[in-house]
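For reference, the chains in residue letters:
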Amino acid sequence: MKKVFAFIALIWSVAVFAQNEQLAQNYFERGEFEKALLIYQDLEASHPGNTFFLQKTVACYQQMQQYNKAEELINERLEKTKRPFLYVELGYNYQLQGNTEKAESNYEKAINSINENATNVYAVAQNFEQKILPERAIKAYETATAINKSMNFDYQTAILQGQLGNMDLMIEKLLSFAYNNPHNLPVVKNQLSRFMMQDAQESFNEALRKALLVNTQKNQDIFWNEFLSWYYVQQKDYGKAFIQQKAIFRRDPNTFSNIITLARLAAEENETETAKEIFTYILENSDVASVQLYAHQYLISEDIKDANEGDFAAIKQRINDLLEQYGSGPNTLDLQILKADFEAFHLKESNTGIATLNQALEIGLNRYQKAEVKMKLADILLLDEKFNQAIIYYAQIEDELKNDEVAHEASLKVAKASYFKGDFEWAQKQLKVLKSSSSQLIANDALELYLLIIDNTVEDSTQTALKKFARADYKLYQNKKQEALDGFKDILANDKTESIQDVTLLRVGRMYEDLKQYDLALQYYKQIIDNYAEGIYIDEALFYSAEIYNKILEDPEKAMPLYEKVIFNHEDSIHFVEARKQYRRLRGDANS
C-alpha cells in the first residue's frame with residue numbers, strides 16, 4: 001500500500017511541476033516577468049542542476065532590467081559549479097547593459113574553456129546560439145575542431161553561416177557534412193529544401209547548383225551525381241536529372257530503379273517529352289518484363305493522345321503484339337484497360353471495348369483491379385449514352401470500396417454522368433460532398449463543376465445555357481471534338497447568360513490548344529482577360545496564355561507579364577507555383 005501511495009505522490013508531483021513550468025512560461029510570454037520570476041526561482045531552487053530554470057530566472061531579471069541581481073545569480077553559480085557556459089550568460093548580461101569590454105572578456109573566457117577541454121564546446125556554443133551570437137558560436141566550434149580533429153561541426157556552422165547570410169559557406173559546409181556523414185543526407189536535403197523554396201532564394205539555388213557541379217567535376221564519387229540529380233528533381237528539371245542518372249547507371253548498374261522512379265515523376269508532372277525519352281531509354285536498357293511492359297504502356301498512351309486516324313491501325317497492332325507477348329492475365333490488366341479505352345473512344349468500337357473488359361473480369365483479380373475494370377466499363381457505357389447503366393457500375397465501386405479514393409473518383413463520375421444528362425440537382429448533391437474530398441484533385445474537380453452548376457442556376461433558373469453547355473461538354477467526353485466545338489461556339493454566339501460566357505471561352509481556348517491552333521486559343525483567352533478580369537477563370541486564362549507564349553511560341557516578353565499577373569493577383573490559383581517558377585526562369589533568376 002505504501003508503494004501505491006508513493007507512486008501516486010510521484011505522479012502528483014510531476015503533474016504539479018509540469019503545470020508550474022507551463023504557467024511560468026505563459027507569464028513570460030505575456031510579459032508578466034515578476035510573476036514568471038517567482039515560479040522560476042522556486043523551480044530553480046528545487047532543481048539546482050537544471051540550467052534551463054537558471055537561464056529563465058536570469059532572463060526574467062534582465063527583462064526587468066535588474067542586471068545586478070542577474071549578475072549575482074550567475075556569479076554565485078559560477079563559483080559553485082565552474083560551468084563554462086555561465087561566462088556566456090555573464091557576458092550577455094554585460095552586453096545588455098552596453099558594457100562591451102566586460103562582455104567580450106567573458107565571451108573569451110568561455111572560448112578559452114574549450115581550449116582546456118574540447119567537450120565544453122557543446123554547452124558554450126549552444127548558449128552562444130541561444131543568445132543569437134552566431135559569430136561567437138562559430139568561433140567556439142572552430143576552436144574545438146582545432147583541438148580535436150575527430151569533432152565535426154560542419155552542420156552546426158553551416159546553419160550559423162546561413163543566419164549570417166553567408167550562403168556559399170553554408171552550402172559548402174552542408175555538402176561537406178553530407179558527404180562525410182551519408183546517413184545524415186536526408187537532414188541536409190531537408191535543410192537545403194527550406195532555402196530552395198523561399199521566395200528570395202533563387203540566388204541560393206544557383207549557388208547550390210554550381211557547388212554541386214564543382215563537386216561532380218572534382219570528385220568521381222557518384223554521391224555527387226545523385227545529389228545533383230536530386231537538386232534537378234526539386235527544380236522539376238527532369239531532363240537534367242536524367243543526364244545525371246544515366247551517368248550514375250553507367251558506373252553502377254544497380255541504380256536502374258532510380259531511372260524508373262524519375263520516369264514516373266516526369267510523367268506525373270506532365271513533362272511528357274522528357275518522360276517519353278526516359279521510358280524509351282528504359283526499354284533499351286532493361287530486360288525486366290514488368291518494367292518493359294510499364295514503359296510500353298506509357299509510350300502507347302502518349303502516342304494515342306497525339307494520333308490521328310491514320311495512326312490507329314499501327315497502335316492497335318502494338319497493343320495486340322504486347323498482349324500476345326505478355327498474355328492477358330492480371331499482370332497486363334492496365335494494358336487490357338488501355339486497349340478497351342482505345343477501342344471505344346478512338347476506334348468507335350464500344351462493343352469491342354466492353355467485350356475486352358468483360359474478358360478481363362473473368363481472370364483472377366483483386367477487388368481494386370475489379371474496380372478499375374468496372375470504372376472503365378462504366379466510362380464506355382457513359383460514352384454510349386447508357387447513363388443509368390454507367391451509374392450502376394460507378395455505384396458498385398462506391399459500395400465495394402467505401403471511403404477509398406477510388407470510391408471518391410467513382411462518386412465524381414456519378415456526378416458528372418448526372419450533369420451530362422441534365423440532372424443538375426442530383427449532380428449538385430454529389431459534388432457538395434466531394435468538395436471536401438481528401439484527394440485534392442477530386443476536390444478541385446468537384447468544386448469547379450459545383451460552382452459551374454450553382455452560378456448558372458442563380459442567373460438562369462431554367463438552366464437553358466447550362467443544359468447546352470453540359471451537352472457540348474458531353475460531346476467533348478465522347479471525343480466528338482467538332483460537335484463539341486460547335487456547341488460551345490453556339491453558346492457564345494446566341495446565349496446571353498453572363499455566367500456561362502467566360503467558362504465557355506475557356507473551353508474553346510483549351511480545345512484549340514489541343515488542336516494546336518494556338519493563335520485561336522490565345523484569342524479566346526484574351527477575351528476572358530479583357531472582359532472577365534473579376535471572374536473565377538481569369539487565372540487560368542492568364543496562365544494558359546503565358547504557357548503558349550513561353551513554351552510554344554517562344555516569346556518570353558509576352559509570357560512574363562502574364563505569369564506576373566498570376567503571381568501577384570492570384571496567389572490562391574492552382575497554377576501559382578508553376579507560374580512563379582516559369583517567371584523566375586524567364587527573368588534569369590535561375591540558370592536553366
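Refer to the structure presented above.
In this report, we go over the structure that sits alongside the text. All values reported here derive from a predicted model rather than from experimental measurement.

Next up on the list: the overall build of the protein chain. Secondary structure summary: the protein chain contains 32 helices and zero strands in total. Since a compact globule built from 592 residues should have a radius of gyration of about 25 Å, the 33 Å found for the protein chain marks it as more spread out than a globular shape. Its C-alpha atoms give the protein chain principal-axis dimensions of about 90 × 70 × 60 Å. Counting contacts in the protein chain only where the partners sit at least 6 residues apart, residues at least 24 apart contribute 49% of the total. For the protein chain, the accessible surface area stands at approximately 30600 Å², while carbon and sulfur atoms represent 49% of it.

Two packed helices can be described by the angle between their axes and the distance between those axes. Direction vectors running N to C along helix H18 (residues 312-326) and helix H19 (residues 333-345) enclose 155°, while the axes themselves pass 10 Å from each other. Judged by the inter-axis angle, H18 sits roughly antiparallel to H19. Crossing of H18 against H19: the hand is left-handed. Contacts between H18 and H19 involve Phe 312, Ile 315, Lys 316, Ile 319, Asn 320, Leu 322 and Leu 323 on the former and, on the latter, Leu 335, Gln 336, Lys 339 and Phe 342. The residue makeup of the contact of H18 with H19, split by class, is seven nonpolar, two polar and two charged.

On the secondary structure map, Lys 374 appears in helix H21 (residues 367-383). Ignoring any residue separated from it by four or fewer positions in sequence, one finds Lys 374 in contact with Tyr 393, Gln 396, Ile 397 and Glu 400.

With that settled, consider the packing of aromatic side chains. Summed over the entire model, instances satisfying the criterion amount to 33 aromatic pairs. Between Phe 279 and Tyr 294, the aromatic rings sit 5.4 Å apart at their centres with planes inclined by 65°, giving edge-to-face as the arrangement. Residue Phe 279 is found in helix H16 (residues 272-285), and its partner Tyr 294 is found in helix H17 (residues 289-306); the two are separated by 15 residues along the sequence. A relative accessible area of 0% places Phe 279 in the buried class. Given a relative accessible area of 34%, Tyr 294 falls into the partly exposed group. Taken together, the ring pairs connect Phe 345, Phe 387, Tyr 419, Phe 420, Phe 424, Tyr 474 and Tyr 477 into an aromatic cluster. The ring of Phe 28 is capped by Lys 56, whose NZ or CZ atom sits 3.8 Å from the centre of that ring. Cation over ring: Arg 510 sits above Tyr 544, and NZ or CZ is 3.8 Å from the ring centre.

Here the focus is the pattern of salt bridges. Scanning the model with the defined rule gives 31 salt bridges in all. Put simply, Glu 302 and Lys 305 hold a salt bridge, and the shortest N to O gap is 3.0 Å. Here Lys 305 and Glu 302 lie together in helix H17, a separation of three residues that amounts to about one turn. When salt bridges with common partners are traced through the structure, they connect Asp 341, Lys 376, Asp 379, Glu 409 and Lys 413 into a single cluster.

This brings us to the packing of helix H11 (residues 185-197) against helix H13 (residues 222-234). Contact geometry for H11 and H13: axes closest at 12 Å, N-to-C directions at 35°. The hand of the H11/H13 crossing is right-handed. Residues Leu 185, Val 188, Lys 189, Leu 192, Ser 193 and Met 196 of H11 pack against Phe 223, Phe 227, Trp 230, Tyr 231 and Gln 234 of H13. Residue composition of the contact of H11 with H13, grouped by class: eight nonpolar, two polar and one charged.

Leu 382, Tyr 394, Tyr 419, Leu 431, Leu 452, Ile 453 and Phe 469 are the most contacted members of the largest nonpolar core, which totals 85 residues. The dominant element in this core, judged by the number of residues it contributes, is H21, at nine residues. Among residues more than four places away in sequence, those in contact with Leu 431 are Leu 412, Ala 415, Ala 446, Leu 449, Tyr 450 and Ile 453.

This part covers the side chain of Lys 376. Tracing the backbone shows Lys 376 in helix H21. Residue class for Lys 376 comes out buried when judged on its relative accessible area of 16%. With sequence-adjacent residues up to four places away left out, Lys 376 is seen in contact with Ile 337, Asp 341 and Leu 357.

In this structure, Glu 44 sits in helix H2 (residues 33-46). Distance from Glu 44 to Asp 514, taken between C-alpha atoms, is 72 Å for residues 470 residues apart in sequence. Setting aside its immediate chain neighbours within four residues, Glu 44 contacts Phe 53, Leu 54, Thr 57 and Arg 77.

So, how was this worked out
Residues numbered from 1 in each chain as written. Predicted model: local features only at pLDDT ≥ 70, side-chain atom pairs only at ≥ 80, totals over all residues. Heavy atoms only, no water. Helix = DSSP H or I, 4+ residues; strand = E, 2+ residues; numbered from the N terminus. Rg over C-alpha atoms; globule rule 2.2 N^0.38 Å. Contact = heavy atoms within 4.5 Å. Areas by Shrake-Rupley, 256 points an atom, 1.4 Å probe, with all protein chains shown as cover. Axes fitted to C-alpha atoms, helices over the stretch in contact; angles between N-to-C directions. Parallel < 35°, antiparallel > 145°, perpendicular 65-115°, else oblique. Left-handed = near helix turned anticlockwise from the far one by under 90°. Nonpolar A, V, L, I, M, F, W, Y, C, P; charged D, E, K, R; others polar. Phe/Tyr/Trp six-rings, centres within 6.5 Å; stacked < 30°, edge-to-face > 60°. Buried < 20%, exposed > 50% of the residue type's maximum accessible area, 1.4 Å probe, protein only. Lys NZ or Arg CZ within 6 Å of the ring centre and 35° of its normal. Salt bridge = Lys/Arg side-chain N within 4 Å of Asp/Glu carboxyl O. Core = buried A, V, L, I, M, F, W, Y, C linked by side-chain atoms within 4.5 Å.

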